[in-house]
Amino acid sequence: DTGVSQNPRHKITKRGQNVTFRCDPISEHNRLYWYRQTLGQGPEFLTYFQNEAQLEKSRLLSDRFSAERPKGSFSTLEIQRTEQGDSAMYLCASSLPGQDNPPLHFGNGTRLTVT
Amino acid sequence: AQKVTQAQTEISVVEKEDVTLDCVYETRDTTYYLFWYKQPPSGELVFLIRRNSFDEQNEISGRYSWNFQKSTSSFNFTITASQVVDSAVYFCALSEYTNAGKSTFGDGTTLTVKP
């Protein structure tokens, strides 16, 4: 169990640029989640995948955001035309499938700063 | 809509004191999960406990204990004989019963344990 890995750890970009983050879940975890956390607040759900299928997207996920999980392994989260309000920590988490809904394993996050 | 309230923004205690972190939740679901996570300065959210809405038994794990009261919609967390390493932000979260990974988090309580 190597844990959930996220890259990069930090990203500074200028407003209007596109950015892409990567998440490598724990192997054999078929569920993968993206959350966003701003300073002083709890994480907010953005979207989740079961294998390669994106099953739900939050209303927080505007048209400038897109997430993919090709082949059901790693996932990418892309933000187009970044805005200062996109500055946040982007967290990825994964979990095993199961009727008992096992808990999430979170990565260390990618901190995005839009200047 | 689901909501989690952690009224205590910051708590400061001296080592070896007991401390209780409060969590109150709102949901219209009859079945759900409740969680506590710890976020140390390194940033990675660490799962501590999960409780389903059917199980109101209190739980003790070492220095940690949890008090779930459905009648008051509360899920409080107590650390006994606190230690400096307990310093972190603690989040309470509520999720759908069918998808425990899609959680609504509170805004967290920052616990500082002084030596």
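Our subject is the structure that appears above.
Residues numbered from 1 in each chain as written. Chains lettered and ligands numbered in written order. Predicted model: local features only at pLDDT ≥ 70, side-chain atom pairs only at ≥ 80, totals over all residues. Heavy atoms only, no water.

### Focus on the interface of chain A and chain B
This is how the line gets drawn: We call two residues in contact whenever any of their non-hydrogen atoms come within 4.5 Å of each other. By definition here, a salt bridge exists when the distance from a side-chain nitrogen of Lys or Arg to a carboxyl oxygen of Asp or Glu is within 4 Å. Pairs of N or O atoms within 3.5 Å make up the polar contacts considered here, provided that, within protein, one atom can donate a hydrogen while the other can accept it, and that residues adjacent in sequence are counted only when both atoms are side-chain atoms. Each helix corresponds to a stretch of at least 4 residues labelled H or I by DSSP, and each strand to a stretch of at least 2 residues labelled E; elements are numbered beginning at the N terminus. Three residue categories are used. Nonpolar comprises Ala, Val, Leu, Ile, Met, Phe, Trp, Tyr, Cys and Pro, charged comprises Asp, Glu, Lys and Arg, and polar comprises the others, including Gly.
Residue-level contacts link 22 residues of chain A with 20 residues of chain B. Summed over the shared surface of chain A and chain B, the number is one salt bridge. In this structure, the salt-bridge partner of B:Lys102 is A:Glu56, at a minimum N-O distance of 2.2 Å. At the junction of chain A with chain B, the criterion picks out five residue pairs in polar contact (both at pLDDT 80 or more). At the level of secondary structure, the elements contributing two or more residues to the side of chain A that touches chain B comprise β4 (31-37) and β5 (44-50) of chain A. Looking at the side of chain A that touches chain B, its residues break down into 10 nonpolar, eight polar and four charged.

### A closer look at the packing of aromatic side chains
Residue and element names in this part refer to chain B. The following threshold applies: In summary, the pairing rule links any two rings of Phe, Tyr or Trp, Trp by its six-membered ring, whose centres are within 6.5 Å, and it sorts them by plane angle into stacked for under 30 degrees, edge-to-face for over 60 and tilted for everything else. Burial classes: relative accessible area under 20% of the type maximum marks a residue as buried, over 50% as exposed, and values in between as partly exposed (1.4 Å probe, protein chains only).
Summed over all chains, the structure comprises 25 aromatic pairs over all chains. Residues Tyr25 and Phe68 carry aromatic rings whose centres are separated by 6.4 Å and whose planes lie at 45° to one another, so their mutual orientation is tilted. Of this pair, Tyr25 sits in strand β4 (residues 24-26) while Phe68 sits in strand β8 (residues 64-69), and the two are 43 residues apart along the sequence. Comparing Tyr25 with Phe68 shows no difference in burial state: the two are buried. When the centroid spacing of 5.9 Å and the interplanar angle of 25° are considered together, the rings of Phe35 and Tyr37 count as stacked. Looking at Phe35, the relative accessible area reads 0%, which means it is buried.

### Things to note about the layout of surface pockets
Where empty space is left can be seen by rolling a probe of water-molecule size over the atoms. As a reminder of what qualifies: A 1.4 Å probe that fits but cannot get out identifies a cavity on a 1 Å grid over protein atoms alone, an open set with protein on both sides within 12 Å along at least five of seven lines counts as a pocket, and a residue lines either if it has an atom within 4 Å of a point. Grid points are joined across faces, edges and corners, and a volume is the space filled by probe spheres set on the points.
Roughly 640 Å³ of internal volume is contained in the largest pocket. Elements that contribute at least two residues to the lining of the largest pocket include exactly β5 and β6 (53-57) of chain A together with β1 (3-5) and β11 (103-105) of chain B. Its residues assigned to classes, the lining of the largest pocket shows six nonpolar, nine polar and eight charged. Contributing to the lining of the second largest pocket are 17 residues, with A:Gln37, A:Leu39, A:Gly40, B:Gln39 and B:Val89 lying nearest its centre. Along the lines of polarity and charge, the residues of the lining of the second largest pocket split into six nonpolar, nine polar and two charged.

### Regarding the environment of B:Arg51
Residues and elements named next belong to chain B. Along the chain, Arg51 turns up in strand β6 (residues 46-52). Spatially, the C-alpha atoms of Arg51 and Leu94 are 9.7 Å apart, while their sequence positions differ by 43 residues. If we ignore the near neighbours within four places in the chain, the residues touching Arg51 are Tyr32, Tyr33, Leu34, Gln57, Asn58, Glu59, Phe68 and Phe75. Polar side-chain contacts of Arg51 include one of 3.3 Å to the side chain of Asp55. Here the side chain of Arg51 touches Glu59 through a polar contact of 2.8 Å, side chain to side chain.

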